[in-house]
Each structure stands twice: as C-alpha cells, then as structure tokens.
Amino acid sequence: MIRAALVLALVAGISFAARSFLPADATITGSGAALAFGFLLIAAMQTGHIFHDLRLPHLTGFILCGALFGPEVLRLITPSMLGDLTLVKKVAVGLIALNAGCELNFARLRPKIRSIGLVSIFGLLTEFVLLFGFFSFVLGRIEFTAGMTSAQRLTVALICSTVLSALSPAVVMGILKETRAVGPLSEMCLSIVVLADLAVVVAFSFTESVARAVFPPDVAANGAGPSIFGALAVHIFGSIATGIAVGLVSALYIRRVGQRIGLFVFAVLFVVAEIGGALHLDPLLVGLSAGLFLENISPVSGHEVIHETEVAAMPTFAVFFAVVGAEVHLHAFFTVAPYAALAALTRATGIFAGARFGARVAKVDPEVAARVPFGMFPQAGVAIGLANLVATSFKPWGEAASTLILGTIVINEMLGPVLFRMALARAGEIGKKREGSLLDLPAHAPTPEADVETT
Amino acid sequence: MHPDRLRIIVGLASALGLAVLLAQPKVKALEQRFGVTVLISAGVPFLAMGAIFSLDSVGILTPEVLIDLKPAFEFGLGWVGFVVGLHFDVRKLDALPASLGPVIVLESVVPMLTTAGLCAIALLAMGVPWERNAFARDALVLAACAAPSAPISIEAWERRVGRKAARMIDEVTSIDEVTGLALLGVVAILFRPENVATRWVLPSPAWLLLTLGLGGVLGILTYVLLRGARNAAEELTLLLGAVALSAGVAGYLALSVPVVCAIAGALLANLPIRDLEGLKKTLLDVERPIYLIFLLVVGATWRPLEWQGWVLATAFVLARVAGKRLGAIWSKRVGPKELPSARMLAIALAPQSPSSIVLMVSAATLYHGYGPERVRWAINAVLIGGVLTEVVVRILEWRRRRTGVDLTPIPPTRVHAPEPPKPLADEAPVITTTPEGNA
C-alpha cells in the first residue's frame, strides 16, 4: 500500500510538472491524450492496489482516481484530454461488452431463463415504479419544472426514472473479472444486467417519443430530426446488425487464420469505435451482439475469444473506469445531493424489493436470491450516456434533469461495486475461476537471486 | 447509408485486413527468406494506401480520422523507443570484442556525415532558406535516419560469412539505432519548436539535462512498476501505462518521444529484470502493427508527384550507401579480423532499418508546423529511400556475385579432426563455412 501510494505520488508529480509546461487551458492533441492515458492507467492501478488492501474493489479505486485527477477536482486531466480519450473509451466499452456476450451461453442458461426473466422484470418494474413515484413527488419542488404543467412534469419523471432504471454490464463484468468470481450468483447477475440493459435502452426510445409528444416542438428543441424513436430504432437495430457482422467476421478469422486473435479483435473494435461515431452505433450493443453471436451461434467458443483478449482486459478496465470517474459530475452531484441521495435510496429499495419478489416467484435458491439485487445496483456507462442524451435532446429542461440524474448515478457508481463485491464474497464465489490465465503467470520482476547478484 | 460513411468503413476495414495479413508470421518468414525488410513487404502497399485514402475524392483518412489516430501515433513512437533502448544492455556491450566499438561508431557516424552533407546541399539547391538554419535541421534529421541498418537474417548471413562475423554484424545492426536516436535528441534540443504559449523558457543545455533526467526518471519509474507487478497481466498493463506516460510527457514538453523512451528503455535493460528477453518479446510483438499504422498515416502526407521528394530520396540513398561503404572500408581496418570484407559488410549494413521511419515520424511530429512541404520531402526521402536502397543493395549483390571477387577471410567450414597438439593447445576447434563469393 505504501509502495502504491509512493508510485502514485511520483506519477502525479511528473504529470503535474509536465502539464505546467503549457497554460492550464491549453493541451496538445496527441501528447495530451497519451499523457492522460498513461497517467490514468498507472494511477488507476495504484489506486486499485490501495483499495484492494482496504478490501474494497479495484474498480471503485479506478473510478475515484479518475474523479480525483479529473477536470472537476485536481484538473490534471482536462476536458479536451478526456475528449481525446473517447476512442479509447469506445474500444474499451466494445471489449467489455464482447466479453460479457461471450460469457452468456443461452443453452446453459435455458434452465434458468425463467428465473432470470422474472427477477429482471420484477426488479426493473418495481425500481421504475418507485422512481417514477419519487420523481413525480419531488419534481414539483424543484425549480426547473416550475413553469410546467402536471403532464409535462410526469413526462420528465418518466424520462428520469427510465434512465435511472439502467444497470451496468460494464461494472458487473469488471467486478467479475477483477475478483475472478464464478458461480450461480455471478452468472445470474451478468445475465440480468445484460438483458435488462437492452430492455432499458429500448424503453428509453419509447419514453423519449412520449416526451416529444408532450412537449411542444418549440420547447423540445433538439437537432436529432423529426423522430427520435426512429433514430433510436436505427441505432439499436443497426448496432445489433453490426455486432452480428463483427461476430461473423471474427468467427471466420478465428477459424481460418487463428493467429493473433486478440490483436485482430482489438483492431476490429477499433474500427467499430471509429466508424461507430459516424454511423451512430452503440459500441456496447455492437460488442454484446458480437459476443452473443460468437458464443451461441458461431462454431467458435466465446471463451476462446475471452482467453485471447484477456491480455487487454486489465488495461481496458482500468482506463475505462478511470475515464468514467473523470467524467463524474461532482459539481452536479453537490447541487442536487439531497435529491440524488433520496433517488439512489428509492432505486435501491425498488431493485431490492422487486428482485427479491421475482426470485421468490421463480423459486431461486434463497442464498442467490438474497444477493442478486446487489448486482443490479451499480450504474455507469449506459446511464451516463442516456443522461447526456437527455441534456442535449430536451432543451431547456434537459440540462437540469440530466444534472439530477447524473448526481444519482455518482452514488450508484461509487457504492454499487462495493456492495456487489461484498455480495460475491459472501456467496463464496470470489477467486473460483481457475483457467489458464495471465493472472497465473509470473511477471518479469527480478528474482531474489537477481537481487543478491546486484547487491 | 451515406456514401462517405460507407467509404470510411470500407477503407478502414481494408486497411485492417491488409495489416492483419502483413502481420502474419508467414509474411515475416517470407521476408527473412528473401532478405527484405518491412519497408518493402508492407511499406509500399501501406504508403500507397495512405496516400490514396487521404485524397479528397476518396476521403477515408480525413483530418478527423487522423486526429483520432494521433494518440496511437505518439504511443507508437514511445513503444518503438523503448524497444530500441532495451537493446542497449551494457553487460552485452561489455561482452563484445573491444574492437567492435569503433565499427559501430564508424558504420553509423560516417553515413550520417555523408547524408547530412549531401542532403544539405540538395535542400539548399531546392531553395530551402538559410534562415534559422532550417536546412541544417532537416539535413541532420535525415542524417539521423541514415544511421540505423536493418536487422540481418542470421541464418542467411551465417552461411555467407560464418557464425562469428554474422553475430558481429547482428550486434552492429541492433546498436546503431542508438546513434541515430542520439542525433535526433540533439536536433530536438538545438532546434526547439517555437511555441509562444509555453511557460518554460530554458537554454539548450537545460533541455539536454531535462531529456536525460526525464528518460532516467521514467526508466526508474517503469522498473519500479514492473517490479511491483503481481502477474503477467498486471505487468503488461503497467508497461502500457509506462510507455504511454513516457511518450505523453516527452511529447507534451516537445522533446523527441523515441529518444526519451529509449533512455528509459536503456535504463530498464540495465536493471535486474528476471526475463529481459521475455519483456523484449512482449514489446516486439506489437512493433509491426505500429509500423503499419505509421506507414498508413505517413502515407496520408505523401505526395509522390513532388519532384523534390524524389531528388532528396536519391541524394539520401546515394549518401547513405556511400557512407556505409566508406564506413565499412574504415571498419575493416580498425575492427576485429573476423569481420567480412568491406564489400560484404557494406552490403549487410546498407538496408535501411524500419526504425528510420520512427525517427522521421518523430521529427515530423515535432516540426510539422515548419515548412510542411519540407516535411513531406523528407518523409519521401526516407521511405522511398528505404525501398531504393534495397534495390541498390540487390544490384550490388548481383554485381558481387558476377565478379565473384570477395576478400572476406575464409571462415572454416567443418570441424576438423583433432590434430596433434600444438603449442596453443587450448584453442577451440574452428567451424568453417565457405563464403558465397569464393564458392
């Protein structure tokens, strides 16, 4: 822990010194991004070690590290550097989603599909209903809805509760990778968050259409064209189709060439991330569809892909969550802290009650049923993305609603991983995954003999 | 789908396909078999592809796409810098024959001098201004690119000149890159890019100290990070972070990225690492895709129709090959007696190392705001020069085979039956091969 703290201080010192070369608001595109990437990677790993020694998830350390050195606190990482890291983030999301998809084997899950479906449906519905009730009550007391009619307030509540219903496959996947957990709880949580997140993205397209209908065109000024619903449909189905294409190409490559698979997959995700911006594709959906295709339809095993890309998994998770942390809207959180805390509590209550009820109906093992809700608490990428979409799509109120949503996400982002890790530990699933892995191979660190030689 | 978007997809996908194809071990094996470098096998297709993709009518490598690739670019420069630095293991250098040192110096410094001289004349003749010694800076950058020689195929050269000589040539090719990097470092210190927004105003010696100190600190940091790694995955993560941080800090301070990273890599190579070769292999595995990205992006600035680029390329090749030949003649006089003939040595060391692309790209990144046309010519000189050099080498080799003249001392071919004891009884049996020239 002391070593990690010292390294963190050294890296931060070097980076701050380098940043002082240019004025605070200036940056250099390529070098700034490389500096931010390198710094976040090393600093996140060190913070992860410190958190590990405190028996907290590495992932929370990554997020906190990003938040601390990000644009809102110490400002070592500037907003433009974060902008330059967008591509890295997209590639990371794609890889995380691909891994998540490859983990889900429908044939294996078939006996559990009813349980997964019931827990997801009841968990999401209860969460949504409670959040909707909470926002319907609270929004009347918040300034930005002052001039709105009751119907409009309800619509804003609908939007906020839909976005906050989102779960986080990235966080769940990150915690499972970090802890090398495997077992019924891990499997169920991963299945639920992946399927539920797809449902939330689809649901958001409906609620957004409702919002467009309720708010007159001059108020709901957005540049996305006449039909957000249509655009989102294209976005969703386009992403799924692209994901299947990516899966197909990857399967062909693995079968026909079979060399440097990790590098190939990474390069494909890079191309998808690059063109995804132009085509409005969601890297999460693309990666997920590709992974599901590989594991369930193609003759290639998804685990082969996971094994081959494992080398890139640790840096991917570290940078992705550090960037997510750097994007945390701390100022937004402080302006809406009481409401955000209440919203997070309401959400947690809804998930807990709904998931427990669903699990009881589906007759899930009580040990698993008691802990499944903890896998549904974390929030990150998808929710932040949807909140940003609200800010840009619905002016003038979208900005304020987004602040409220982001403030709530901060709490779920920080506490969710800790709670989920605790649940996995209690379930005894941590460290159960034992495949041939880079985590079992030693580093090139010096041996004691080498130390003796040098002394 | 919009045709522009379709173009970007098809373009990037085809670049990806070609990169994957050319990164296959089979391609490497073919290169070794035919004795060509990555410049020939992948350089020309990627360069051409970059040039075509950047055309307005094609619109694949648009300025936005190039900006997105820039961080990868800086990172790649740092990565290759680390690889070069890792070759600089003092323990290995100490094990080399003392007389090989002058050979390394001569084989890299003489081509640098001839290239600097001839390219400076060519640049001045093409109208590059005297002001602020711009021509000198460009000529020195080209000189730095002239130093590194492409790694040889040990097996092929063992058959031609014997094991010991082949090993020596191999050592020369793995160390001469350092000379080029050193010159590039000096250029980056002497010719600082002017940026009015910077908050530091330092004299050149301070920048020299900063370059060395920064490289040293980053090397120690990398060592501390790798030493603390708990497994191979974490080690790779920290290595990625260290390279990116080194590249980012150096680039941010407008220092030469590969130079700073090479210093860090050299320091790392000389600290106790259990499996230095394994670490090198990890770094080398990604080296080729990095070159391919460089070539693609560099291709976007390539203008093959600019005659100045071809003139400079010709001057570069002539000066470099002549310099290598002169260096070989001199080396033969001062170097170990096992060295092959000057002609063979020159042929072995003439092919240009892919790391010269890195040196050129690094300089182009530093000075892209100063005479973009000159940057394009210099890029043309190094890349086309690399291809032309291989053509020249083939011609020289063909001539050498035709004349059959070679003054290489004949290394022994077989293990001789033990002879009656001589006064020097501890002499090892000598393995001999017949050089091609005398066969």
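Scroll up for the structure.
Because the structure is predicted, anything quoted here is derived from the model rather than measured.

Q: Can you help me understand unusual backbone geometry in this one?
A: Residues other than glycine predominantly adopt negative phi, and peptide bonds predominantly adopt the trans conformation. All names here are of chain A. Positive phi values are uncommon outside glycine, yet Arg75 reaches one of about 60 degrees. With phi around 60 degrees, Lys363 is a residue other than glycine that occupies positive phi space. Within the secondary structure layout, Lys363 lies in the loop between α16 (337-361) and α17 (366-376).

Q: Honestly, the packing of helix α7 (residues 134-146) of chain B against helix α17 (residues 355-366) of chain B in this entry has me stumped. Any pointers?
A: Residues and elements named next belong to chain B. At a closest axis distance of 8 Å, the pairing of α7 and α17 adopts a crossing angle of 160 degrees. Judged on the interaxial angle alone, α17 and α7 are roughly antiparallel. Two packed elements cross with a definite hand, and for α7 against α17 that hand is right-handed. Contact residues: Val141, Ala144 and Cys145 in α7; Ser356, Leu359, Met360 and Ala363 in α17. The residue inventory of the contact of α7 with α17, partitioned by class, reads 6 nonpolar, 1 polar and no charged.

Q: Just checking my understanding: could you explain the pattern of salt bridges for this structure?
A: Pairing between side chains of opposite charge can happen when the charged atoms of each approach one another. Taken as a whole and judged by the stated rule, the model has 13 salt bridges over all chains. Between Asp89(B) and Arg91(B) there is a salt bridge; the shortest N-O distance is 3.1 Å. Judged by its relative accessible area of 8%, Asp89(B) is buried. Judged by its relative accessible area of 48%, Arg91(B) falls in the partly exposed class. Connected via shared salt-bridge partners are Arg108(A), Lys112(A) and Glu187(A).

Q: Sorry if this is basic, but what is going on with the packing of aromatic side chains here?
A: The final tally for this structure, using the stated rule, is 14 aromatic pairs over all chains. Between the aromatic rings of Phe21(A) and Trp200(B), the centroid separation amounts to 5.4 Å while the plane-to-plane angle is 85 degrees, which identifies the pairing as edge-to-face. Residue Phe21(A) is found in the loop between α1 (2-19) and α2 (29-53), and its partner Trp200(B) is found in the loop between α9 (163-190) and α10 (204-228); the two belong to separate chains. Under the relative-accessibility criterion, Phe21(A) is labelled buried at 3%. On the basis of relative accessible area, Trp200(B) is assigned to the partly exposed category, the value being 23%.

Conventions we followed
Residues numbered from 1 in each chain as written. Chains lettered and ligands numbered in written order. Predicted model: local features only at pLDDT ≥ 70, side-chain atom pairs only at ≥ 80, totals over all residues. Heavy atoms only, no water. Helix = DSSP H or I, 4+ residues; strand = E, 2+ residues; numbered from the N terminus. Axes fitted to C-alpha atoms, helices over the stretch in contact; angles between N-to-C directions. Parallel < 35°, antiparallel > 145°, perpendicular 65-115°, else oblique. Left-handed = near helix turned anticlockwise from the far one by under 90°. Contact = heavy atoms within 4.5 Å. Nonpolar A, V, L, I, M, F, W, Y, C, P; charged D, E, K, R; others polar. Salt bridge = Lys/Arg side-chain N within 4 Å of Asp/Glu carboxyl O. Buried < 20%, exposed > 50% of the residue type's maximum accessible area, 1.4 Å probe, protein only. Phe/Tyr/Trp six-rings, centres within 6.5 Å; stacked < 30°, edge-to-face > 60°.

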